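Spelled out, the chains give:
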Amino acid sequence: MKYRLEDTGEEPKSVRDILIEMKNISEKIVDLAFSSVMFDSEDIAREVLKLEDRVDDLLTMLRVKVLMAAETAEDARKLLPILSIAVSIDEITNAAGDLAKMLLKGFKLHPLVLEALKMVDEVIVRIDLKHSSPFIGKTLSQISHELNVDFTPLVLCRGGKTIVSPDENTKLRQNDYLIVKTTTLGAETLSKVGGVGV
Amino acid sequence: MFKERISKVMNMIIELKNISEFMVDLAYTALLYNSVELSEEVERLEEYVDDLHINYELNILSLAQFEEDAGKYLGALRVGLVAESLADAALSMVKPILNGVEPHEVLRIAINESEETILKLKVDEESEIRDKSLEELRLQETVGVRIVAIRRNSKWILNPSSDTRIQADDVLFAIGSLKDLEEFRKMLGSK
């Protein structure tokens, strides 16, 4: 763990904003780490490590803020749960980072683990947009509405670039590939409709 | 024997991943409503995940000894560790509630303002969704929300299955974006 005390060069954030950012990262970093090992993507693994570093910085910022805010023992007691949540989030991101690092060191996921990961309640799927995919030219929210499928877009890969958490108004292009988290049923529909064509 | 062990391990991965992800949602819900009951559920599940995880690791280690390349199983162990740390994190989040400390207001705000949030809704007598099963409702597909828990009388149904039927007076804990939750609230016609 890093305890960087130097200025990160950004505007000071409030405790609230730091916590919101940490929570948002913690929600997606685990899915991203699983995506990296499931689809053997070093790019996604590197994005995971970036987010892990970001959470380290946020945790330091939060510690400083919280220490400065406490004037009495009573204050300090009230502020403790905030620190413990932030530390928990940091632990989640560390575990996600360890999973991603494994891939970067050249280890692959055992086929049986891969198989099992396709059977969980909410699955992560990759949809490749070949030239005849009906998804081409549509935005993520259009696809969601038209197919009546709710999904969380995790990563969009376009021409060697990896976009984490693409916006719902992003238009899809030919040869993109998309990684989303959805229900088993949703995954089936998305792959069937969007992944057609060669 | 080997085959049996493999299918056992696969089921463990599925269970570890489902429960640990659910626990984090549950912990945030507990913080949002300062709920001792939900916190106790998190605590109970954490003990369960601990046991499951130890058992899982032992099984992986036994499988790995038949393998030339043990590195193949490293990933399996790390997947387990992600689940374990999610479960631990969920528990430390609700520890203050279990110790009688009310969560600081800023936490509630942060949970409410993040991308996904949790809404608590009561089902009334005239509600459209009454007596329907979660499978029939397909909430995730139609409105984009997921029911993570139901409180019925004084009992909890955690991570309800698709054949669970909604009853009048049920208290639903739904997770989703603010926009989707608002739509869901309208659909229920509840306050």
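Reading the values: the criteria
Residues numbered from 1 in each chain as written. Chains lettered and ligands numbered in written order. Predicted model: local features only at pLDDT ≥ 70, side-chain atom pairs only at ≥ 80, totals over all residues. Contact = placed C-beta atoms within 7 Å. Helix = DSSP H or I, 4+ residues; strand = E, 2+ residues; numbered from the N terminus. Pairing = 2+ DSSP bridges. Buried ≥ 20, exposed ≤ 12 C-beta atoms within 10 Å, placed from the backbone. pLDDT = per-residue confidence, 0-100. Domains from an automatic or database assignment. Nonpolar A, V, L, I, M, F, W, Y, C, P; charged D, E, K, R; others polar. Axes fitted to C-alpha atoms, helices over the stretch in contact; angles between N-to-C directions. Parallel < 35°, antiparallel > 145°, perpendicular 65-115°, else oblique. Left-handed = near helix turned anticlockwise from the far one by under 90°.

### Quick look at the interface of chain B and chain A
Argument step 1. Each side of the interface is counted separately: chain B has 41 residues, and chain A has 43 residues.
Argument step 2. Mapped onto the side of chain B that touches chain A, the elements with two or more residues apiece are helix H1 (2-33), helix H3 (74-98), helix H4 (105-113) and helix H6 (139-142) of chain B.
Argument step 3. Sort the elements by how many residues they give to the side of chain B that touches chain A and H3 of chain B lands first, with 15 residues.

### Examining the pairing of strand S4 (residues 177-183) of chain A
Residues in a regular strand project their side chains so that they alternate between the two faces of the sheet.
All names here are of chain A.
Argument step 1. Both strand S1 (residues 122-128) and S4 contribute to a ladder of 7 bridges, which runs antiparallel. Paired with Arg-126 across the bridge in S4 is Ile-179.
Argument step 2. Where strand S2 (residues 151-158) lies against S4, 6 bridges are found, and the strand directions are antiparallel. Residue pairing for S4: Phe-151 is matched across the bridge by Thr-182.

### Considerations on unusual backbone geometry
Argument step 1. A positive phi angle is found at Asn-175 of chain A, which is not glycine, with a value near 75 degrees.
Argument step 2. At Asp-169 of chain B, a residue that is not glycine, the phi angle is positive and equals roughly 75 degrees.
Argument step 3. Relative to the helices and strands, Asp-169 of chain B resides in the loop between strand S3 (155-158) and strand S4 (171-176).
Argument step 4. By C-beta crowding, Asp-169 of chain B is classed as partly exposed, having 13 other C-beta atoms within 10 Å.

### Quick notes on the confidence of the model for chain A
All names here are of chain A.
Argument step 1. Put simply, chain A has an average pLDDT of 88, and 93% of its residues get 70 or more.
Argument step 2. Within chain A, helix H6 (residues 184-194) has the poorest average pLDDT of any element, 88, and helix H2 (residues 42-69) the best, 94.
Argument step 3. When the criterion is pLDDT under 50, residues 1-6 qualifies, and its contacts beyond four places in sequence or with other chains add up to 5 contacts.

### A short note on the domain arrangement of chain B
All names here are of chain B.
Argument step 1. As far as domains go, chain B holds domain 1 (2-106) and domain 2 (115-188).
Argument step 2. Contributions of two or more residues to the side of domain 1 that touches domain 2 are made by H1 and helix H2 (36-64).
Argument step 3. Here the side of domain 1 that touches domain 2 takes 7 residues from H1, the largest share from any one element.
Argument step 4. Within the side of domain 1 that touches domain 2, the residues separate by chemical class into 5 nonpolar, 1 polar and 3 charged.

### A look at the packing of H2 of chain A against helix H3 (residues 73-104) of chain A
For any two helices packed against each other, the geometry comes down to the angle between their axes and how far apart the axes lie.
Residues and elements named next belong to chain A.
Argument step 1. Direction vectors running N to C along H2 and H3 enclose 165 degrees, while the axes themselves pass 9 Å from each other. Between H2 and H3, the crossing angle belongs to the class labelled roughly antiparallel. Crossing of H2 over H3 shows left-handed handedness.
Argument step 2. Counted by class, the contact of H2 with H3 contains 18 nonpolar, 3 polar and 6 charged residues.

### A look at the domain arrangement of chain A
Residue and element names in this part refer to chain A.
Argument step 1. Considered domain by domain, chain A is made up of domain 1 (15-104) and domain 2 (120-194).
Argument step 2. Averaged C-alpha coordinates put domain 1 and domain 2 at centres separated by 26 Å.
Argument step 3. With 10 residues of domain 1 at the contact, the number on the domain 2 side is 9 residues.
Argument step 4. Elements with a contribution of two residues or more to the side of domain 1 that touches domain 2: helix H1 (15-38) and H2.
Argument step 5. Examining the composition of the side of domain 1 that touches domain 2, we find that 6 residues originate from one element, H1, more than from any other.
Argument step 6. Residues that form the side of domain 1 that touches domain 2 fall into these classes: 5 nonpolar, 1 polar and 4 charged.

### Notes on the sheet that holds S4 of chain A
The strands that make up a sheet pair up through hydrogen bonds in the backbone, lying either parallel or antiparallel.
Residues and elements named next belong to chain A.
Argument step 1. Overall, antiparallel pairing links the 4 strands, which are arranged S1-S4-S2-S3 in an open sheet. Taken across any chain shown, the strands that pair with only one partner, and hence form the sheet edges, are S1 and strand S3 (161-164). Pairwise comparison of adjacent strand axes, ignoring direction, gives a mean angle of 20 degrees for this sheet.
Argument step 2. In the packing of H1 onto the sheet, contacts are made with S1, S2, S3 and S4, and the angle to S2 comes to roughly 50 degrees.

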